[in-house]
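Here is how the chains run, residue by residue.
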Amino acid sequence: MLDINTKKVMKNAYRITKRRGETALRVRTPGGEFPADIMPILTEIATQYGDGNLHITTRQGFEITGIKYEDMPIVNELVAPIIEKLQKHIGVKIDNPKDGYPAAGTRNISACIGNEICPYANYNTLEFAKKIEAAIYPHDLHFKVATTGCPNDCVKARMQDFGIIGMANVKYDQNYCVGCQACVKNCADRCTGALSMHKGKVIRNKELCVECGECVTRCPTQAWTRSSDKRFRLVIMGRTGKKDPRLAQEFATNIDMESIIKIIQNTYDFVEEYITPGKAKEHIGYIVDREGYHEFKKWALKDVKLPEETKIKPYMEW
Amino acid sequence: MGYKMGLKEFDKIFEILSQDYEIYGPKTIEKAGRFSDTNNIRYEKISSIEELEYKEKSLFSPKDVLFPVNETMFNIEGEKLKEIEEEDKKYLIFLRSCDLNAIDRLDNMFLKNGNIEDNYYKKKRQNTKFILMECIESYLNCFCVSMNTNKADNYSMGIKLANDEIYLEIKDKEFDDLFKGCEKENYTVKFIEENQHKVEVPNIEDIKLELFNDEMWEAYDRCIGCGRCNFSCPTCTCFTTTDIYYDENKTKGERRRTWASCHVDGFSDMAGGHSFRQNTGSRMRYKVMHKIYNYKKRFGENMCVGCGRCDDRCPEYISYAKCINLVTEKTREEA
Ligand code: HEM
Ligand code: HEM
Ligand code: SF4
Ligand code: SF4
Ligand code: SF4
Ligand code: SF4
Ligand code: SF4
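Described in the following lines is the structure provided in the data block. If you're wondering where the values come from, they're calculated on a predicted model, not measured in any experiment.

### Side note on the sheet that holds strand β3 (residues 40-45) of chain B
Residue and element names in this part refer to chain B. Across the sheet, 8 strands lie side by side as β3-β2-β6-β7-β8-β9-β1-β10; this open sheet has mixed pairing. Because the sheet does not close on itself, it has two edges, and the strands there are β3 and β10 (183-184). Inspection of the sheet shows strand β8 (residues 157-162) paired to strand β9 (residues 165-170) by 6 bridges, in the antiparallel sense. Each bridged residue has a counterpart across the sheet, and for Leu161 the counterpart in β9 is Ile166.

### Brief notes about the site of ligand 2
All residues in the neighbourhood of ligand 2 are listed as B:Asp269, B:Met270 and B:Ala271. The separation between an oxygen atom of ligand 2 and a polar main-chain atom of B:Ala271 is 2.7 Å.

### Focus: the site of ligand 5
Around ligand 5 sit B:Phe143, B:Cys233, B:Pro234, B:Lys291, B:Cys304, B:Val305, B:Gly306, B:Cys307, B:Gly308, B:Cys310 and B:Tyr320, and that is every residue in its neighbourhood. Split by residue class, the shell around ligand 5 holds 8 nonpolar, 2 polar and 1 charged.

### Let's talk about the interface of chain A and chain B
With 26 residues of chain A at the interface, the matching set in chain B holds 29 residues. Broken down residue by residue, the surface that chain A buries against chain B is led by A:Tyr176, A:Lys199 and A:Pro220, which jointly contribute 28%. Viewed at the interface, chain B and chain A are joined by 3 salt bridges. A salt bridge links B:Asp265 to A:Lys185, with the nearest nitrogen and oxygen atoms 3.6 Å apart.

### Here we look at the sheet that holds strand β12 (residues 231-236) of chain A
In sheet architecture, strand pairing relies on hydrogen bonds along the backbone and comes in two forms, parallel and antiparallel. Residue and element names in this part refer to chain A. Taken in spatial order, the 6 strands make up an open sheet running β5-β6-β7-β12-β13-β14, and their pairing is mixed. Bordering the open sheet on either side are β5 (110-111) and β14 (311-312), each of which pairs with just one other strand. Pairing geometry for strand β13 (residues 249-255) and β14, over 2 bridges, is antiparallel. Along β14, the bridge assignment pairs Ala252 with Ile312. Its contacts with the sheet put helix α4 (residues 125-136) on β5, β6 (145-148), β7 (162-167) and β12, and the angle it makes with β6 is roughly 160 degrees. Its contacts with the sheet put helix α7 (residues 257-274) on β6, β7, β12 and β13, and the angle it makes with β13 is roughly 140 degrees.

### Some remarks on the pairing of strand β10 (residues 201-204) of chain A
Residues and elements named next belong to chain A. Two strands pair when backbone bridges link them, and strand β9 (residues 195-198) and β10 are joined in this way by 4 bridges, in the antiparallel orientation. Paired with Leu195 across the bridge in β10 is Arg204. Between the antiparallel neighbours β9 and β10 lie 2 residues, among them Lys199 with a positive phi of about 50 degrees.

### What to know about the packing of aromatic side chains
The full count for this structure, using the stated rule, is 31 aromatic pairs over all chains. Judged by centre distance (5.1 Å) and plane angle (50 degrees), the rings of A:Phe128 and A:Phe232 are tilted. Here the residue A:Phe128 occupies a position in helix α4, and A:Phe232 occupies one in strand β12, the gap between them amounting to 104 residues. Using a relative accessible area of 1% as the deciding quantity, one classes A:Phe232 as buried. Their ring planes at 20 degrees and their centres at 4.6 Å tell us that B:Phe110 and B:Tyr121 sit as a pair that is stacked. Taken together, the positions of B:Phe110 in helix α3 (residues 97-111) and B:Tyr121 in helix α4 (residues 119-125) put the pair 11 residues apart, joining distant regions of the chain. The same class applies to B:Phe110 as to B:Tyr121, namely buried. Clustering of aromatic rings is evident, with ring pairs tying together A:Phe251, A:Phe270, A:Tyr274, A:Tyr293, A:Phe296 and A:Trp299.

### Description of the packing of helix α7 (residues 280-299) of chain B against helix α9 (residues 320-334) of chain B
All names here are of chain B. Where α7 contacts α9, the axes come no closer than 11 Å and their chain directions differ by 75 degrees. The pairing of α7 with α9 is recorded here as roughly perpendicular in orientation. Only Tyr320, Cys323, Ile324 and Val327 of α9 make contact with α7, whose side of the interface consists of Met284, Lys287, Val288, Lys291 and Ile292. Class assignment of the residues belonging to the contact of α7 with α9 gives a composition of 7 nonpolar, no polar and 2 charged.

Reading the values: rules and limits
By convention here, each chain's residues receive numbers from 1 onward along its written sequence. All chains are assigned letters beginning with A, and all ligands numbers beginning with 1, in the order in which they are written. For a predicted model such as this one, the threshold for reporting local features is a pLDDT of at least 70, and the threshold for listing and counting side-chain atom pairs is 80 or more; totals across whole chains, interfaces and linings nevertheless cover every residue. Side-chain measures here rest on the full set of heavy atoms in the structure, leaving out hydrogens and waters. DSSP bridges decide pairing: two strands pair if at least two such bridges lie between them. Secondary structure is summarised from DSSP: a helix means a run of H or I of at least four residues, a strand means a run of E of at least two, and numbering begins at the N terminus for each. Throughout, the term near means that a residue has one or more heavy atoms lying within 4 Å of the molecule or strand in question. Any N or O atom pair separated by 3.5 Å or less is treated as a polar contact, with the protein-specific requirement of one donor-capable and one acceptor-capable atom, and with residues adjacent in sequence counted only for side-chain atom pairs. Each residue is assigned to one of three groups, with Ala, Val, Leu, Ile, Met, Phe, Trp, Tyr, Cys and Pro labelled nonpolar, Asp, Glu, Lys and Arg labelled charged, and all others, Gly among them, labelled polar. Contacts between residues were defined by any pair of non-hydrogen atoms, one from each residue, lying within 4.5 Å. Here the quantity called buried area is the accessible surface, traced with a 1.4 Å probe, that two parts lose on coming together, added over both. By definition here, a salt bridge exists when the distance from a side-chain nitrogen of Lys or Arg to a carboxyl oxygen of Asp or Glu is within 4 Å. An axis is simply a line fitted to the C-alpha atoms; with a helix, the fit covers only the stretch in contact. Between two such axes, the angle follows the N-to-C directions and lies from 0 to 180 degrees. Note on ring pairs: Phe, Tyr and Trp rings are taken, using the six-membered ring of Trp, and paired if centres are within 6.5 Å. Classes follow the plane angle, with under 30 degrees stacked, over 60 edge-to-face and the rest tilted. Working definition: with a 1.4 Å probe on protein chains only, accessible area under 20% of the residue-type maximum means buried, over 50% means exposed, and in between means partly exposed. Between 65 and 115 degrees an angle is taken as roughly perpendicular, under 35 as roughly parallel, over 145 as roughly antiparallel, and anywhere else as oblique.

Below, the structure is given as structure tokens:
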């Protein structure tokens, strides 16, 4: 006599699966990073209440499969310490972690490993992912956000509603340059060929440069440095799926962290205004397509104080 | 004479010194390192003792002050060359013992190598005095003790920073008066007596031609020829000279010298396109032999002062120090 409200179940981050009577719980790990001591909790839930397996989701969370619907309350209680650690601890507002996840529409914020480890990264992607989690979760609207350290885009930021790509904003001091050409050769070989030599010194074509910062990592004398202000390229409305899949396009360059967060928050208001009634999971991208880029832009930039050097795309061609 | 004082008190003296001297020291350049959110430490002008990076070893060396990365030697006007006149500046440089010993290597290379003195180096060098920083620890990769460069005595002042206080040893009479009225303290610089690593340098008589052809050098073909080891080395003095004519006025220009590295492509290129040492393993051999063999044959001491910066910075984890020990082992096998 199993009687459940599937909508409530799904908002609680459980899934209605093909196996009758069994659900699966998605555990959020913002930035895909967490202290290893949450693992025994996952193990306990999976072995005691699940089918003994864990699935690593595309968005870097865990899915614990084969849980009986009846066991949801006890599983919620077991997962509470993880919610405390990974959500409450970083400032996410959750009233009672023992009730499980309060929403599932806004997806886990994924991140490449970033500058804790990766030599190419231009910022701490994990920290930024956690800041965003705290700013936008919990929410039922279907938002996908990811942070990636550099234009290599290991996390596939270009397939998100909001993809955040680190910019190095490199500076060159010719007094330290020995003309070895390491930066020039590497840029031609691995990046965009934005650098060339002129009389023993380097010239940068800013139109071609993507601010990946590889020249900084190559230069033996550190004639290249990164800007100490953190700036990003914000790409928007990328998507996979059946209807018109596409890569996210550049919305802003040279934008700062606070503005990005505000823009994402503003977009929730935009979606609430224009979403098709009754279609709670409508992708933002389709709504933007329908209402037009200019309407989106108007909402997104409301009360955002952009840094002087930020550039917003005046028009958008998807 | 020794003294002790707070940093603020020393800064007043620093200010007085700044009137006569350009003061250089290792400085942390925030977030200017190779990777994001890492720092660089290089020699720059400093204007207070707070700016001095006393705790960490610098990535670049004090040679940058006396032998800049780029230096204009002549202004060119049409067919005429006009030598750059160095302003009459005086320099004070904060450095560690290994680096002070390295200054002696630079002196040999620029002033005592053949009959010609290098004017550009000389003009700066003769107006330079040194402030020795006591090493409170031996850093990763240091092997100064093995190279006998852990000690030095040709410095004007010695300093130690501890608990927000500065201890001073004044050796140069010129500076005596500045410290009148400061609290006296029985302080002299202490030197590092032991490093984590020991390096044994071979006898130059034991280095035979076979060693140059030994297969050991092939292991160093993994060197990417970036030049970090040479550019950070306090004793590398190679440069290349270029005439540059300005875009705005092609009859005017400058003759400029720029650091060169024997690891970087192009170092041994000759007119006509011939180039020696194409594989990087043989460049490693060339560098190592210069540091502990060729230079020693000429000047009677090792060029290398054991600062370990080459090992600190090599992106391919090539250890120059380990290589010397390997060379020494080989000479013993062959003997
Ligand atoms: C009067 C005769 C010669 C003089 C004065 C002379 C002088 C020099 C000098 C000053 C260098 C540069 C060393 C350096 O870069 O530190 C050099 C390099 C070199 N010379 Fe000669 N050389 C002479 C004859 C020759 C001959 C006859 C050969 C070949 C058959 C030769 C082959 C080379 C090679 C291969 C190098 C490059 C060596 C290296 O960079 O390791 N030289 N020579
Ligand atoms: C006994 C005769 C000669 C000797 C021993 C000699 C030796 C040398 C040496 C050692 C170098 C420096 C190579 C280096 O380390 O970069 C050099 C460079 C040069 N030599 Fe000669 N040379 C001789 C004759 C000539 C002649 C006859 C010419 C021209 C007609 C000439 C033209 C040059 C040029 C242009 C360079 C500069 C090459 C470069 O930097 O790429 N040399 N020579
Ligand atoms: S996207 Fe860039 S920073 Fe992130 S892991 Fe890939 S290479 Fe490193
Ligand atoms: S890598 Fe550095 S030193 Fe070499 S050419 Fe580029 S800027 Fe100059
Ligand atoms: S060779 Fe290496 S250890 Fe020796 S002085 Fe140069 S940088 Fe220092
Ligand atoms: S030949 Fe190489 S090791 Fe020797 S001083 Fe020049 S750059 Fe340094
Ligand atoms: S030994 Fe290391 S630091 Fe030196 S040139 Fe080769 S790769 Fe670069």
